[in-house]
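# Structural features, examined
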Amino acid sequence: MKNQELTLLYVFDAIMTEGSITRAAERLSMTQPAVSNTLSRMRQVWNDPLFIKKGRNIEPTSYALSLWNQVRGPMYELSNAVEATHFEPAESKREFRIAITDAILELIWQPLVCELEKRAPGIDLHAVPYTAETAFGHLREAHVDLAIGLLTEHDHSLRSIWLFDSGYTLAMREDHPLAGHPISVEDFMAARHLLVSMSGEAAGFVDMALMRKGLKRRVAVTVNHFPAVPKLLRTSNMIAAIPEIATNDAGFHDGIWMTDLPVEVDPTSLYLIWHTRHDRDPGVVWMRELVERVTKERWATCMGPSKTGHRKPALLAGNG
């Protein structure tokens, strides 16, 4: 391969990864006109428009998608082979993107940012919304460096580290008619339920557990992020089965009563996940070790040693 063709592929890979000529230029430390000129050269050499402007965004052509599927793996391997094997956090100006849910962000983001300010002030950290439907595609397409959540897909392209298991608790307003005493299955089934669903589906792990007993609850309201839950509970007669991790939000500390669920629900296992292309990337290795340590420390502090327990089998799908 000629050096010029390799340069074209390097810029092409950056545009495909970033989905933007401007962001690709920033990634490559090039000017935007220089990247645009290189794109013009690509179009001549490969005889294809490669990217079509759509509003403020650009979309790859079918040829560009086919080409990227063939070259992105070797491009990452080549980059890893020639990159320095040493990473200096205090000197780095790197950006890291992590796919993360709002509940986990509430748990770890503040201590993680404090660690970076002390040890790596030049590093930029960006949170990307996590859903089971998008997170693994974002990892494979290099839109994020790490993801924290349920391990819903297993293949040779992904690596993971178990972080902790989160059980469930039942929450309601402190003057709710059911508050202050153990909740029976009958009371639980008769109540109106609030569910946090990232997918929009009105069913989750609790419903799977109920289904195994031949039961079905009424999910009256769904929301797609946990911070909305306390206010809705304080102003209604709804109850909500909430993962323990979400109850660290300050909103659950005022006017909310929590107790055990009357049905057994397996805890959900949370993992730190990355793509195999980053196995030898010293920057990503450093960041994932930092995230793993901070997450486990925060979970142990919030839940106490009696609830950190041992590893449970991974759950593969669903919501609370």
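The residue numbers shown here count from 1 along each chain, following its written sequence. Per-residue local features of the predicted model are confined to residues with pLDDT of at least 70, and side-chain atom pairs are confined, for both listing and counting, to 80 or more; whole-chain, interface and lining totals are unaffected and use all residues. The side-chain numbers reported here are obtained from all heavy atoms of the structure, hydrogens and water having been left aside.

### Re the overall build of the protein
In plain terms, the rule: Note on conventions: DSSP H or I runs of at least 4 residues are helices, E runs of at least 2 residues are strands, and numbering of each starts at the N terminus. The rule is simple: take the accessible area with a 1.4 Å probe, protein chains only, and divide by the maximum for that residue type; under 20% is buried, over 50% is exposed, in between is partly exposed. Here, residues are in contact when the closest pair of their heavy atoms is within 4.5 Å. Using a 1.4 Å probe, accessible areas were evaluated by the Shrake-Rupley method; residue-level cover was limited to the displayed protein chains. Lys and Arg are tallied as positive, Asp and Glu as negative. Neither His nor the chain termini are counted. Charged groups are reduced to one reference atom each: NZ for lysine, CZ for arginine, CG for aspartic acid, CD for glutamic acid.
A count of helical and extended segments in the protein gives 11 helices and 12 strands. A principal-axis box enclosing the C-alpha atoms of the protein has dimensions of 75 × 40 × 35 Å. Taken over 320 residues, the protein has a buried fraction of 49%. Across the protein, contacts joining residues at least 24 apart in sequence account for 75% of those joining residues at least 6 apart. Accessible area for the protein stands at about 16500 Å²; split by element, carbon and sulfur atoms hold 51% of it. When the 34 basic and 39 acidic side-chain charges of the protein are each reduced to a single mean position, those positions are 3 Å apart.

### Some details on unusual backbone geometry
Its identity as a non-glycine residue notwithstanding, Asn-47 has a phi of 55°, on the positive side. Following the sequence through the fold, Asn-47 ends up in the loop between helix H3 (32–46) and strand S1 (51–54). Here Asn-47 falls in the exposed class, since its relative accessible area comes to 68%. A positive phi angle, near 70°, is found at Leu-50, a position not held by glycine. Structurally, Leu-50 is set in the loop between H3 and S1.

### Quick look at the sheet that holds strand S11 (residues 256–259)
Our working definition: Being paired, for any two strands, means DSSP has found at least two bridges between them. Axis angles are defined between N-to-C directions and span 0 to 180 degrees, where every axis is a line fitted to C-alpha atoms and, for a helix, only to the segment in contact.
Judged by pairing direction, the sheet is antiparallel, and its three strands sit side by side in the order S10-S7-S11 without closing on themselves. A single partner strand is all that each edge strand has here, and the edge strands are strand S10 (240–243) and S11. Geometrically, the sheet is characterised by an average inter-axis angle of 40° between neighbouring strands, direction not taken into account. Pairing geometry for strand S7 (residues 168–173) and S11, over four bridges, is antiparallel. In the strand pairing of S11, Ala-171 is matched with Met-258.

### Considerations on the pairing of S1
Inspection of the sheet shows S1 paired to strand S2 (residues 57–60) by four bridges, in the antiparallel sense. Bridge pairing links Lys-54 to Asn-57 in S2. Following S1, the chain reverses through two residues before pairing antiparallel with S2; Gly-55 in that reversal takes a positive phi of roughly 65°.

### Concerning the nonpolar core
Let me state the cut-off plainly: Buried Ala, Val, Leu, Ile, Met, Phe, Trp, Tyr and Cys residues form a nonpolar core when they are joined through side-chain atoms within 4.5 Å.
In this structure, Ile-108, Ile-148, Val-229, Met-287 and Val-291 are the most contacted members of the largest nonpolar core, which totals 76 residues. By residue number, the principal contributor to this core is helix H10 (residues 282–303), which donates eight residues. In this structure Val-229 touches Leu-194, Val-196, Val-223, Ala-240, Ile-242 and Phe-252, once residues within four positions along its chain are discounted. Ranked by size, the runner-up nonpolar core spans 22 residues in total, among them Leu-39, Leu-50, Leu-67 and Trp-68.

### Some remarks on the sheet that holds strand S6 (residues 158–166)
Spatially, five strands are ordered S4-S3-S5-S12-S6 in an open sheet, and the strand pairing comes out mixed. In this open sheet, the two edge strands, each paired with only one partner strand, are strand S4 (124–129) and S6. On average, adjacent strands in this sheet sit at an angle of 20° to one another, irrespective of strand direction. Sitting on the sheet, H10 is in contact with strand S3 (95–100), S4, strand S5 (146–149), S6 and strand S12 (268–275), with an inclination near 10° to S6.

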